[in-house]
Amino acid sequence: MLTLASDIEVLARFGRALADPIRCRILLALRQAPAHPSDLADALGISRTRLSNHLACLRDCGLVLAVPDGRRTRYELADPRLGHALDDLRAAVVAVEADKACPDAHTKDCC
């Protein structure tokens, strides 16, 4: 059971980051590999200004790091475990959705 205010704050920050589809897409892209903002903006099909705002939010949430890379800045997940957490969370949500679609999924008599 979560009781410490810091535990709740950490989860609230993670939830805030995941509350926007573009931030989710950024996190999933960075899960694959670090990237420069221009490359991320092109890959996601959004403006660099819009991407910059979302990256600032993700930095403030402590989920991504801005790493100097010569004259450019590269972004990466703040911790590799975040990539695993995203995978686990996605898998859990997909499993719950599948169970809703077929309530007897754990039995042979499933639809």
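A brief report on the enclosed structure follows. Just so we're clear, the structure is a prediction, and the values are computed from it rather than from any experiment.

Overview of helix α3 (residues 37-44)
So, step 1. Within α3, the full set of buried residues consists of Ser38, Leu40, Ala41 and Leu44. Projected onto a plane normal to the axis of α3, the buried residues spread over an arc of 165° and lie on a single side. The exposed residues of α3 that point more than 90 degrees off its buried face are Asp42 and Ala43.
So, step 2. Considering only its buried residues, α3 is in contact with α2 (21-32), α4 (48-60) and β2 (72-77).
So, step 3. The positive-phi residue at the C-terminal boundary of α3 is glycine 45, with phi of around 70°.

Considerations on the side chain of histidine 54
So, step 1. Note on placement: histidine 54 falls in helix α4.
So, step 2. Assessed through its relative accessible area of 10%, histidine 54 is described here as buried.
So, step 3. Residue contacts for histidine 54: discarding those within four places in its chain leaves Asp20, Ile22, Arg23 and Ile26.

Examining the nonpolar core
So, step 1. Residues Ile26, Leu27, Leu30, Leu51, Leu58, Leu63 and Val64 are the most contacted members of the largest nonpolar core, which totals 22 residues.
So, step 2. Counting residues per element, the ones that place at least two in this core are α1 (5-18), α2, α3, α4, β2 and α5 (80-101).
So, step 3. In this view, isoleucine 26 contacts Leu44, Leu51, His54, Leu55 and Leu58; residues no more than four positions away in its chain are not counted.

Thresholds applied
Residues numbered from 1 in each chain as written. Predicted model: local features only at pLDDT ≥ 70, side-chain atom pairs only at ≥ 80, totals over all residues. Heavy atoms only, no water. Buried < 20%, exposed > 50% of the residue type's maximum accessible area, 1.4 Å probe, protein only. Helix = DSSP H or I, 4+ residues; strand = E, 2+ residues; numbered from the N terminus. Arc of directions from axis to C-beta. Contact = heavy atoms within 4.5 Å. Core = buried A, V, L, I, M, F, W, Y, C linked by side-chain atoms within 4.5 Å.

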